Amino acid sequence: MIPASVRSLRIEYAIRDDVVPARELEKRGIEVLKLNIGDPIKYDFKTPEHIRKAAAEAVMNSRSEYSPSEGLLELREAIVDKEKEYGVDITTDDIVVTTGVTEALMLIFAAALNPGEEILVPGPTYPPYITYPTFYDGRPITYRTVEEDGWQPDVDDIRKKITPKTKAIAVINPNNPTGAYYGEKVLREIADIVAEHNLFLISDEIYDKMLYDNEFISPAKIAKDVPMIILNGISKVYLAPGWRIGYLAIRDYENSLAEIREGIMKQARARLCANTPLQLGYLAALKGPQDHIRETMNRLRERRDYVAKRVQEIPGLSVVIPEGAFYMFIKVDGCRDDKKFVLDMLREKHVLTVHGSGFCPIYGKGHFRIVNLPPVDYLAKAFDRIEEFMRDWKRAH
Ligand code: PLP
């Protein structure tokens, strides 16, 4: 056997790892109800027609060329305009269009982290915030977000965890997996810490327009004196996760990010470019009608409220009602092994969720994550099964 690299074998990705046993069940002809993956297209959502048309036209017009490594200029112009609406002052030179936010994270962590250097990420978090810093020999350090406080960041915990090796603080707002939305006060407090310690902020805004009641506030507007990298893309708000288009935008302060910018740009050039025709799809998304967003949120609200009601009725379960995105991070009283819990539920009741410790072994344990993306009748079927499972589980624990 030719050995693989240690770093590649270290990679874990809970959201997809739990899928493997589900596939085994499906191979045996068993119907598995899936509440595991943050992909609206898997349920009854569709990429809006005008966006699909623009992408199809780009393909038909043979827009099959390599685009500039930093992305098509007209798309970057549209991104500048979008960010301007949030009070963010950047130019087209500050943007790199990427193969999704996930690629942007790879570029950022690879550019920012020398071996042993640290990045503070929310706990629980979207798993690549753990995977990629580790992959690049850095150290992701999770800061606490507090369930009893609506999963808001514990700012004192962030402060305590800063060391001479800390390079950046990441904020995911609204958050995956908790659905928490961070308002102006906490963003300002985090930005103050960033400024005080000469760090930079990573602001993952992929769910920016998926808020149930609030208007999104950009940390770049609140804190003009803090270097930051803003992340966003087509996957969630524009319902096209498989297109793999996103961007990073460098909002610098006093040239603090000059070298990291160069590190990112060098990598961007080495990987040529993001998918060209689908960049034109994203352009249409940003420039075209936005009506689908309200419609999406109305559906998600009904589904969120339904899940909240069911969870409340099941002894042993509780959930903080999310303010944004489409995830619900459900607590199981007295659950010591959430991975076993999720796998047992899959095996016995054929409902697939994701174990909480996959999002953070410290702050995510004892939970499981579901998506409130499916229609109510699908959710009803799934929660009937979860209810039955909990009855047995409670008896045994
Ligand atoms: N960032 C967060 C917080 C996410 O939850 C996700 C997907 O679930 C992504 C980024 C992925 O973004 P993309 O599809 O643009 O790679």
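As a reminder, the structure under discussion sits directly above these lines.
Given the structure is predicted, the values throughout are model-derived calculations rather than measurements.

J.: Describe in detail helix H13 (residues 291–313), supporting the description with residues and values.
T.: The first and last C-alpha atoms of H13 sit 34 Å apart over 23 residues, in line with the 33 Å expected at 1.5 Å per residue. The complete set of buried residues in H13 reads His292, Ile293, Thr296, Met297, Leu300, Arg303, Arg304, Tyr306, Val307, Ala308, Arg310 and Val311.

J.: Break down the environment of lysine 394 for me, with residues and values.
T.: The topology assignment puts lysine 394 in helix H15 (residues 376–396). Residues lysine 394 and lysine 165, spaced 229 residues apart in sequence, show a C-alpha to C-alpha distance of 44 Å.

J.: Account for the pairing of strand E8 (residues 228–233), naming residues and giving values.
T.: Across the six residues that make up E8, a large majority, six, are buried. Burial of the side chains of E8 extends over both faces: Met228, Ile230 and Asn232 are buried on one face and Ile229, Leu231 and Gly233 on the other. Looking at chain direction, E8 and strand E9 (residues 246–251) are connected through six bridges and run antiparallel. Bridging across to E9, isoleucine 229 finds its partner in isoleucine 250.

J.: Outline the pattern of salt bridges, supporting the account with residue identities and numerical values.
T.: Applying the stated criterion across every chain, the model contains 33 salt bridges. When the shortest N-O distance is used, the salt bridge between arginine 271 and glutamate 103 registers 3.0 Å. With arginine 271 in the loop between helix H11 (258–270) and helix H12 (276–287) and glutamate 103 in helix H6 (residues 100–112), this residue pair connects regions lying 168 residues apart in the sequence. Note on accessibility: arginine 271 and glutamate 103 belong to one class, buried. Two residues, arginine 347 and aspartate 344, come together in a salt bridge whose shortest N-O distance is 2.7 Å. Of this pair, arginine 347 and aspartate 344 both sit in helix H14 (residues 338–349), three residues apart, which is roughly one turn of the helix. Judged by relative accessible area, which is 54%, arginine 347 ranks as exposed. Residue aspartate 344 is classed as buried on the basis of its relative accessible area, which comes to 12%. Each of Asp44, Glu295, Arg299 and Arg303 takes part in a single network of salt bridges with overlapping partners.

Thresholds applied
- Per chain, residue numbering runs from 1 following the sequence as it is written.
- Confidence filtering applies because this is a predicted model: local features only for residues at pLDDT of at least 70, side-chain atom pairs given and counted only at 80 or more, and all residues used for totals across whole chains, interfaces and linings.
- By convention in this description, side-chain values take in all heavy atoms of the structure and omit both hydrogens and water.
- What counts as a helix is a DSSP run of H or I of at least four residues, what counts as a strand is a run of E of at least two, and both are numbered from the N terminus.
- To estimate how far a helix should extend, the number of its residues minus one is multiplied by 1.5 Å.
- Think of it in three bands: with a 1.4 Å probe and only protein chains considered, a residue is buried below 20% of the maximum accessible area for its type, exposed above 50%, and partly exposed in between.
- Here, a strand pair is defined by DSSP locating no fewer than two bridges between the strands.
- Definition used for salt bridges: Asp or Glu carboxyl oxygen within 4 Å of a side-chain nitrogen of Lys or Arg.

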